[in-house]
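Understanding the architecture of this molecule
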Amino acid sequence: RLAAGEDLALVSDAGTPLISDPGYPLVAAARAAGIKVVPIPGPNAAICALSAAGLPSDRFLFLGFPPRAGSRRRDWITCLAREPGTLVFYEAGNRVLETLADLATSLGLQRRAVVARELTKRFETFLIGTLDDLLPRLRGDPDQQKGEFVLLVEGSRDQVTVEAEGERVLAILARELPLKQAAALAAEVAGDKKNRLYRLALAWRSHGGEKSTA
């Protein structure tokens, strides 16, 4: 019906649609088909943007505004590289190009992202693509550098690497520290889950202190 030109509304009786409900595949499919998706004004710009972006909404991290200084902003972004949830934050028009460039450098050119501008206003736009795609599109259109922005970036899909790093660090720390302390430090270093690492350390101990490869 959308492809035939009809206008349809997605309505939920549990708050803003797509926030912990199964609407995300519908919006993602509509975006992939080139169908315009318009969010209805909600409680704030971040949720409004997320509901219509077509990026996963089952887990997301709202981060406010990035640091203004370039070096601090790059460090800040690098710390988010392994976050599996969709990253959502605000940015001003006079810094959006610099921030997109830093995102591409720190997170990778092929991360999917959405630039949502002037939400619920006359010139509302959603630009969707990879970070590599979006930067030249904004650079080539000064009008797209004006207004208020919500930037959304897909989370890391490299969970296997996170878990592998957590286990590597845990194996080193567990030689010298109590298991709870080793698990907590390994989780902090690798971005892994403390409880998972603690259970793993207990399993290693039950097997005579050797790391299991099963």
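We now turn to the structure provided with this report. (Residues numbered from 1 in each chain as written. Predicted model: local features only at pLDDT ≥ 70, side-chain atom pairs only at ≥ 80, totals over all residues. Heavy atoms only, no water.)

1. Details of the environment of alanine 92
Residue position: alanine 92 is located in strand β2 (residues 86-92). For the pair alanine 92 and phenylalanine 149, spaced 57 residues apart in the sequence, the C-alpha separation amounts to 6.2 Å. (Helix = DSSP H or I, 4+ residues; strand = E, 2+ residues; numbered from the N terminus.)

2. Describing the sheet that holds strand β3 (residues 112-117)
Ordered in space as β1-β2-β5-β3-β4, the five strands form an open sheet in which the pairing is mixed. Sheet topology places β1 (60-62) and β4 (125-130) at the edges, where each strand pairs with a single neighbour. Strand-to-strand twist in this sheet, taken as the mean axis angle between neighbours without regard to direction, amounts to 20°. Bridge count for β3 against β4 is six bridges, and the pairing is antiparallel. Bridge pairing in β4 links arginine 117 to threonine 125. (Pairing = 2+ DSSP bridges. Axes fitted to C-alpha atoms, helices over the stretch in contact; angles between N-to-C directions.)

3. Topic: the pattern of salt bridges
A complete count under the given rule lists 13 salt bridges for this structure. With a shortest N-O distance of 3.2 Å, glutamate 148 and lysine 121 are connected by a salt bridge. Note that glutamate 148 is positioned in strand β5 (residues 148-153) and lysine 121 in the loop between β3 and β4, a separation of 27 residues in sequence. One network of salt bridges, in which partners are shared, links Arg73, Arg74, Glu98 and Asp102. (Salt bridge = Lys/Arg side-chain N within 4 Å of Asp/Glu carboxyl O.)

4. Details of the side chain of aspartate 192
Position of aspartate 192 among the secondary structure elements: in the loop between α7 (179-190) and α8 (194-206). Residue classification places aspartate 192 among the buried positions, given a relative accessible area of 10%. At a separation of 2.6 Å, a polar atom in the side chain of aspartate 192 contacts the side chain of arginine 196. If we ignore the near neighbours within four places in the chain, the residues touching aspartate 192 are Val162, Glu163, Gly166, Ala187 and Leu197. (Buried < 20%, exposed > 50% of the residue type's maximum accessible area, 1.4 Å probe, protein only. Polar contact = N/O pair within 3.5 Å; in protein donor to acceptor, adjacent residues only side chain to side chain. Contact = heavy atoms within 4.5 Å.)

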